[in-house]
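# Commentary on secondary and tertiary structure
So the chains spell out like this:
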Amino acid sequence: MTAYQERLLDEAKDMWERGHRIPTHLYALMAQEGMDVQTLEETYYKE
């Protein structure tokens, strides 16, 4: 995982762990980097 991907993931994890959905632009950036956003969200999202 690149440093850029790690920064994106850290930002997303922070939001998910606080019970928030990530904004579409962050989702798009992560997907563009080849990250499996849906699986990551299932792992880290806390309702």
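For the structure, see preceding data.
Being a predicted model, the structure only gives us computed values, none of them experimental.

Conventions and cut-offs
- Residues numbered from 1 in each chain as written.
- Predicted model: local features only at pLDDT ≥ 70, side-chain atom pairs only at ≥ 80, totals over all residues.
- Heavy atoms only, no water.
- Core = buried A, V, L, I, M, F, W, Y, C linked by side-chain atoms within 4.5 Å.
- Buried < 20%, exposed > 50% of the residue type's maximum accessible area, 1.4 Å probe, protein only.
- Helix = DSSP H or I, 4+ residues; strand = E, 2+ residues; numbered from the N terminus.
- Contact = heavy atoms within 4.5 Å.
- Axes fitted to C-alpha atoms, helices over the stretch in contact; angles between N-to-C directions.
- Parallel < 35°, antiparallel > 145°, perpendicular 65-115°, else oblique.
- Left-handed = near helix turned anticlockwise from the far one by under 90°.

### Focus: the nonpolar core
- With twelve residues, the main nonpolar core is built from Leu-8, Leu-9, Ala-12, Met-15, Trp-16, Ile-22, Leu-26, Met-30, Met-35, Val-37, Leu-40 and Tyr-45.
- Within the residue set of this core, elements represented by two or more residues are helix H1 (3-17), helix H2 (24-32) and helix H3 (37-44).
- The element that contributes the greatest number of residues to this core is H1, accounting for five residues.
- The contact partners of Trp-16, leaving out residues within four places of it in the chain, are Leu-9, Ile-22, Met-30, Val-37, Leu-40, Glu-41, Tyr-44, Tyr-45 and Lys-46.

### Focus: the packing of H1 against H3
- Two numbers describe how H1 lies on H3: the axes approach to 9 Å, and their chain directions differ by 45°. Classified by the angle their axes make, H1 and H3 are oblique. Considering how the two elements wind past one another, H1 and H3 form a crossing that is right-handed. In this structure, H1 contributes Leu-9, Lys-13, Trp-16 and Glu-17 to the contact, and H3 contributes Val-37, Leu-40, Glu-41 and Tyr-44.

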